[in-house]
Amino acid sequence: MMHRRHFLSHSAAASAALAVPAWLCSAATAQAQDILRLVVGYPPGGSSDRVARILADKMGPLLGTSVIVDNKVGAGGRVAAQGLRNAPASPPVLMLANPAVMVVSPLVVDDPGYDANKDFVPVSEVNNYVFGVAVSTAVPVQELSHLFAWLRANPKSANIGVPATGSLPHFFALMLGQQARVTAEAVGYKGSGPLLTDLIGGQVPVAVDTLDVLLPQHEAGKLRILSVSGDARHPSVPKVPTLKESGLNLSAEGWNTVFAPRSMPPEQVARYAEVIQKIMGDPDTARLFRASNLDPVVSSSTQTRDRIVAYRKQWEPVIRASGYRP
C-alpha cells in the first residue's frame, strides 16, 4: 500500500510538471537568452573591468535587458578571446578587449587560439588612454630631455620599469628608447603595484605606465610625470608636456574596444554599435570615465576598424623587432 501511494504521488508530480504551459517554458528560455554578457579578460577592479561595468550599467536600460559583466581571466586576456571566438549566435555575448589581446598576442604567441583579424567584428571603440613617463623623486631631473642626458651619464642606472613584460608600456618604453637614442633596459614587474612601490622607493629610476595608474602618486608628490604620450596635453595634467613637445616625434595610445563574435548577425552588431555610440556621447558617461582618468570615445564600427588597422601598422615593427616571446 505504501509503495502504491509513493508511486501515485510521484505520478501526480510528473503530471503537474507536464501540465506547465509551453508558453511559460518558452518565455523563460527567451528571457535567459536575452541576457547580454559583456566578457572581460581581466580581474574585477582593474581599468578594463571599470570600463565594462560603466558600459553594462548604461546598456541595460537602452536595450531593455540585463547586461552582465563576465570576467574570464587567463593568459593575458586570451582565454576570453578564445571563448568569444567559439561563441554561438545566441545567447548574445560581446567582449571588451585592448591591444594586448588584439595586437600584441597575435604577434608574439605562436597560436593564441584565435585570429584577431577574422574571428571578431569590431563594434565600437569605448575609450582610449595615454602613457606617462615618470621618474622617482630621487632622480634630479624635471624635463624629459634632461632625463635622457641623465640616463646616458648613468648607464648602470638606465632601467625603465614597466608593469609587465610584453605589455604595451613595455613596447612603448622600447619605442621611447629608440627615439631618444638611449640604451636602457625595460624591467618587467608583476603589475603596476610593485612597479610603483619600487619607483617611489628609488629602486627603479624611471617607469612607463598608463596615466591613470601614475597620476594619483604624481599628485601626492611621490613621483614626477615628465611627459605624456598623447598628441595633446592631457586635461588631468595640463602642465605636463607631450612627447612631441619634449622633442620626440612619437605619440602612442591604448584603447578599449567592444568586439562581437563573427557568428553574430550584422543587424545585431549594428544595434549594439548604435547603443554604445549613444552611451559614449552622453555627458554623464564622459563624467564617469574622466573620473577614472580615462578618455571616452564616440566611434562608429567603420572608424573603429580603421583605427585598429592603423594601430597594428604602428606597433607591429616595434613588437617584432623586440624579439619578445612569452
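Residues numbered from 1 in each chain as written. Predicted model: local features only at pLDDT ≥ 70, side-chain atom pairs only at ≥ 80, totals over all residues. Heavy atoms only, no water.

A. View of the overall build of the protein chain. The helix and strand inventory of the protein chain stands at 12 helices and 10 strands. Counting contacts in the protein chain only where the partners sit at least 6 residues apart, residues at least 24 apart contribute 76% of the total. Total accessible area computed for the protein chain in this model is approximately 15,700 Å², and 55% of it derives from carbon and sulfur atoms. (Helix = DSSP H or I, 4+ residues; strand = E, 2+ residues; numbered from the N terminus. Contact = heavy atoms within 4.5 Å. Areas by Shrake-Rupley, 256 points an atom, 1.4 Å probe, with all protein chains shown as cover.)

B. Structural view of the nonpolar core. Judged by nonpolar contacts, the single largest core of 83 residues is most densely connected at Met59, Leu94, Leu147 and Trp315. Counting residues per element, this core draws most heavily on strand E4 (residues 120-136), which supplies eight residues. Among all residues touching Met59, those that are not within four sequence positions of it are Leu36, Val67, Leu94, Tyr272, Val275, Ile276 and Ile279. The next biggest cluster of nonpolar side chains, apart from the first, holds 16 residues, and it includes Tyr189, Leu199, Leu223 and Val228. (Core = buried A, V, L, I, M, F, W, Y, C linked by side-chain atoms within 4.5 Å. Buried < 20%, exposed > 50% of the residue type's maximum accessible area, 1.4 Å probe, protein only.)

C. Examining the packing of helix H8 (residues 192-201) against helix H9 (residues 211-219) more closely. One way to put it is that H8 packs onto H9 with a least axis distance of 11 Å and a crossing angle of 35 degrees. H9 is crossed by H8, and the crossing has right-handed handedness. Taken together, the residues of H9 that come into contact with H8 (itself represented by Ser192, Leu196 and Ile200) are Val213, Leu214 and Gln217. (Axes fitted to C-alpha atoms, helices over the stretch in contact; angles between N-to-C directions. Left-handed = near helix turned anticlockwise from the far one by under 90°.)

D. Representation of the confidence of the model for the protein chain within the structure. Counting all residues, the mean pLDDT for the protein chain is 88, and 90% of those residues have values of 70 or more. Here residues 1-32 scores under 50 on pLDDT; set against residues more than four positions off or in separate chains, the count is one contact. (pLDDT = per-residue confidence, 0-100.)

E. Representation of the packing of aromatic side chains in the model. Per the counting criterion, the structure on display carries six aromatic pairs. With a centroid separation of 6.0 Å and an interplanar angle of 75 degrees, the aromatic rings of Phe171 and Tyr324 are classed as edge-to-face. Residue Phe171 is found in helix H7 (residues 168-180), and its partner Tyr324 is found in the segment after helix H12 (301-322); the two are separated by 153 residues along the sequence. An identical accessibility class is assigned to Phe171 and Tyr324; each is buried. Taken together through their ring pairs, the aromatic side chains of Tyr129, Phe131 and Phe172 make up a single cluster. (Phe/Tyr/Trp six-rings, centres within 6.5 Å; stacked < 30°, edge-to-face > 60°.)

F. Representation of the pairing of strand E6 (residues 185-188). Bridging between strand E5 (residues 159-162) and E6 involves four bridges; their strand directions are parallel. When the bridges of E6 are listed, Ile160 appears paired with Ala186. Note that the unit made of E5, H7 and E6 has a crossover that is right-handed. (Pairing = 2+ DSSP bridges. Right-handed = clockwise from strand over helix to strand, strands pointing away.)

G. Inspection of the packing of helix H3 (residues 47-63) against helix H11 (residues 283-291) at higher detail. Two elements in contact, H3 and H11, have axes whose closest approach is 11 Å; the angle formed by their N-to-C orientations is 160 degrees. Taken together, the axis directions place H3 and H11 in an arrangement best described as roughly antiparallel. For the element pair H3 and H11, the recorded crossing hand is right-handed. Contact residues: H3 offers Val51, Ile54 and Lys58, while H11 offers Asp284, Thr285, Leu288 and Phe289. Its residues assigned to classes, the contact of H3 with H11 shows four nonpolar, one polar and two charged. (Parallel < 35°, antiparallel > 145°, perpendicular 65-115°, else oblique. Nonpolar A, V, L, I, M, F, W, Y, C, P; charged D, E, K, R; others polar.)

H. Spatial organisation of the pairing of E5. For E5 and strand E7 (residues 206-210), the ladder comprises two bridges, and the chain directions are parallel. Bridged to Gly161 within E7 is Ala207.

I. Region of interest: unusual backbone geometry. The omega torsion across Ser90 and Pro91 is 0 degrees, close enough to zero to call that bond cis. Relative to the helices and strands, Pro91 resides in the loop between helix H4 (78-85) and strand E3 (93-97). Its identity is not glycine, yet Asn293 carries a phi of approximately 60 degrees, on the positive side. Considering the arrangement of structural elements, one finds Asn293 in the loop between H11 and strand E10 (295-296).

J. Local environment of the pattern of salt bridges. Under the definition given, this model contains 15 salt bridges. Measuring nitrogen to oxygen at the nearest pair gives 3.7 Å for the salt bridge that ties Asp212 to Arg50. Of the two residues, Asp212 is situated in helix H9 and Arg50 in helix H3; the sequence distance between them amounts to 162 residues. Salt-bridge contacts for Glu274 lead to Arg271; the nearest nitrogen and oxygen are separated by 3.8 Å. Highlighted residues: Glu274 and Arg271, both in helix H10 (residues 266-280), separated by three residues, approximately one helical turn. Residue classification places Arg271 among the partly exposed residues on the basis of a relative accessible area of 37%. Three or more residues joined by partner-sharing salt bridges are found here, namely Lys58, Asp282, Asp284 and Arg287. (Salt bridge = Lys/Arg side-chain N within 4 Å of Asp/Glu carboxyl O.)

K. Representation of H9. Those residues of H9 lying buried are Leu211, Asp212, Leu214 and Leu215. Seen from one end, H9 has its buried residues packed into an arc of 155 degrees, which puts them on one side. Buried residues along H9 sit against H3, E4, H8, E7 and strand E8 (223-228). Gly221 occupies a position one or two residues after H9 and carries a positive phi of about 80 degrees. (Arc of directions from axis to C-beta.)

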